Amino acid sequence: MTILKPTVNKVKKYQDKLQNDKALVRYPANQVALELIYKNPTFKNDKLEHILLKVAVLNEFYSTNIFDPYSVAKHILENVPNVDRRLTEGDEKLVDEIKKVTIGEKTRN
């Protein structure tokens, strides 16, 4: 696979495609909507309903194949300590703690 070197013209070409391609037009709007709920201090990660909202919207917008958003949200609430502080700090270990979820008797990523 050949990786192209970025140039100003190439970046502008893909930026234009992203902004004008009808198939891609939803992604910038999706990102803004995600930022509204993820960065809004009202929606902290200390209530099941807030976490569930974030999980469900992320799953819907990006087709992440989270088959049981409720179990993922419950897992985050009950098994992942200090989520908000760790997000602010950029704690990369948080990803590994969030991704391993036991649903029934099966552990999923």
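See the structure printed just above.
Residues numbered from 1 in each chain as written. Predicted model: local features only at pLDDT ≥ 70, side-chain atom pairs only at ≥ 80, totals over all residues. Heavy atoms only, no water.

(A) Structural view of the pattern of salt bridges. Counted by the stated rule, this structure contains four salt bridges. Two residues, Arg 85 and Glu 89, come together in a salt bridge whose shortest N-O distance is 2.9 Å. Highlighted residues: Arg 85 and Glu 89, both in helix α5 (residues 83-89), separated by four residues, approximately one helical turn. You can call Arg 85 partly exposed: its relative accessible area is 41%. For Arg 86, the salt bridge identified is with Asp 91, shortest N-O distance 2.7 Å. The network of salt bridges with common partners includes Arg 86, Asp 91 and Glu 97. (Salt bridge = Lys/Arg side-chain N within 4 Å of Asp/Glu carboxyl O. Helix = DSSP H or I, 4+ residues; strand = E, 2+ residues; numbered from the N terminus. Buried < 20%, exposed > 50% of the residue type's maximum accessible area, 1.4 Å probe, protein only.)

(B) The arrangement of the nonpolar core in detail. Within the largest apolar cluster, 10 residues are counted, these being Leu 48, Ile 51, Val 55, Val 72, Ala 73, Ile 76, Val 80, Val 83, Leu 94 and Val 101. In contact with Ala 73, other than residues within four places in its own chain, are Leu 48, Ile 51, Leu 52 and Val 55. (Core = buried A, V, L, I, M, F, W, Y, C linked by side-chain atoms within 4.5 Å. Contact = heavy atoms within 4.5 Å.)

(C) Just the packing of helix α2 (residues 26-38) against helix α3 (residues 48-62), in detail. Between α2 and α3, whose axes approach to 10 Å, the crossing angle comes to 170 degrees. Taken as axis vectors, α2 and α3 run roughly antiparallel relative to one another. Contact residues: α2 offers Tyr 27, Asn 30, Gln 31, Ala 33, Leu 34, Ile 37 and Tyr 38, while α3 offers Leu 53, Lys 54, Val 55, Val 57, Leu 58, Phe 61 and Tyr 62. Each residue belonging to the contact of α2 with α3 can be placed in one class, and the counts come to 11 nonpolar, two polar and one charged. (Axes fitted to C-alpha atoms, helices over the stretch in contact; angles between N-to-C directions. Parallel < 35°, antiparallel > 145°, perpendicular 65-115°, else oblique. Nonpolar A, V, L, I, M, F, W, Y, C, P; charged D, E, K, R; others polar.)

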